[in-house]
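Given next are the chains, with one letter for each unit.
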Amino acid sequence: MTTLTSERSFGAPRGNWFNRAEAWLDDKGKGAWIAAMVLGFVFFWPVGLAFLMYMIWSKRMFNGSCSKRGKGRITTTRSTGNSAFDSYKADTLRRLEEEQASFEAFLERLREAKDKSEFDQFMDERAKRNDGTAEA
């Protein structure tokens, strides 16, 4: 004989859906929280408002996770314990940083060349216009 309990067949308590949903959104990041809030506003505005209030109350919007994304050098000071691999990793990262710097320099030269050609074209068209108006 089967007895009725407050647990579902997969073993999670009924009130635990909120904790699982919260953990799932946390795993996906701040963007998932914002998307859930926007969808809440789209489908039923009190749900969106509830998401917004919960995110403010729990300080999920102000945890600084977005400020960690920075531009700059990759720092890998943690050693794996294998000196050969650590040396390989350091050399590879150094090479990648050099390639990135040279590629950025190439893009800058490319932009400068494009700007120069556009400016030269403008000056040529301007000179042709001025020559045409001087003859008339």
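Relevant structure appears above.
Once a new chain begins, its residue numbering starts again from 1 and follows that chain's sequence as written. Under the rules for a predicted model, residues below a pLDDT of 70 receive no local features and side-chain atom pairs below 80 are neither given nor counted, while totals for whole chains, interfaces and linings still include all residues. Side-chain metrics in this entry use all non-hydrogen atoms of the structure; hydrogen atoms and water are not considered.

1. Section: the packing of aromatic side chains
Piece 1. Within 6.5 Å between ring centres, the rings of Phe, Tyr and Trp (the latter by its six-membered ring) count as paired, and their orientation is classed by plane angle as stacked under 30 degrees, edge-to-face over 60, tilted in between. Applying the stated criterion across every chain yields a total of four aromatic pairs.
Piece 2. Ring geometry for Y54 and W57: centres 5.8 Å apart, planes at 40°, overall tilted. Residue Y54 and its partner W57 are located together in helix α3 (residues 45-57), separated by three residues, close to a single helical turn.
Piece 3. Remark: exposure states derive from per-residue accessible area (1.4 Å probe, protein chains only) relative to the maximum for the residue type, with buried under 20%, exposed over 50%, and partly exposed in between. Here Y54 falls in the buried class, since its relative accessible area comes to 19%.
Piece 4. Pairwise contacts between aromatic rings join W33, Y54 and W57 into one cluster. Here a strand is any run of E in DSSP of at least two residues, a helix any run of H or I of at least four, and the numbering for each starts at the N terminus.

2. Regarding the packing of helix α1 (residues 17-28) against helix α2 (residues 30-43)
Piece 1. Orientation is described by axes fitted as lines to C-alpha atoms, over the contacting stretch for helices, and by angles from 0 to 180 degrees between their N-to-C directions. Closest axis-to-axis distance for the α1/α2 pair is 5 Å, and the angle between their directions is 125°. The pairing of α1 with α2 is recorded here as oblique in orientation. Contact residues: E22, L25, D26 and K28 in α1; A32, W33 and A36 in α2.
Piece 2. Of the residues assigned to the contact of α1 with α2, the class counts are four nonpolar, no polar and three charged. An angle counts as roughly parallel when it lies under 35 degrees, as roughly antiparallel when it exceeds 145, as roughly perpendicular when it falls between 65 and 115, and as oblique in every other case. By definition, residues are in contact when any of their heavy atoms lie within 4.5 Å. Classes in brief: Ala, Val, Leu, Ile, Met, Phe, Trp, Tyr, Cys and Pro nonpolar; Asp, Glu, Lys and Arg charged; the others, Gly included, polar.

3. Comments concerning the pattern of salt bridges
Piece 1. Throughout this description, the term salt bridge denotes a Lys or Arg side-chain nitrogen within 4 Å of a carboxyl oxygen of Asp or Glu. Considering all chains together, one arrives at four salt bridges under this definition.
Piece 2. Between E99 and R95 there is a salt bridge, and its shortest N-O distance comes to 2.9 Å. With a gap of four residues between them, E99 and R95 both fall in helix α4 (residues 83-135), about one helical turn apart.
Piece 3. For E99, a relative accessible area of 41% translates into the label partly exposed.
Piece 4. D120 is paired through a salt bridge with K116; the nearest N and O atoms lie 2.9 Å apart. Of this pair, D120 and K116 both sit in helix α4, separated by four residues, roughly a single helical turn.

4. Focus on the nonpolar core
Piece 1. Nine residue types can take part in a nonpolar core, namely buried Ala, Val, Leu, Ile, Met, Phe, Trp, Tyr and Cys, and a core is a set of them joined through side-chain atoms within 4.5 Å. L25, A32, W33, A36, M37, Y54 and M55 together form the largest nonpolar core, which totals seven residues.
Piece 2. If you list the elements that add at least two residues to this core, you get α2 and α3.
Piece 3. Element by element, the count of residues in this core is highest for α2, at four residues.

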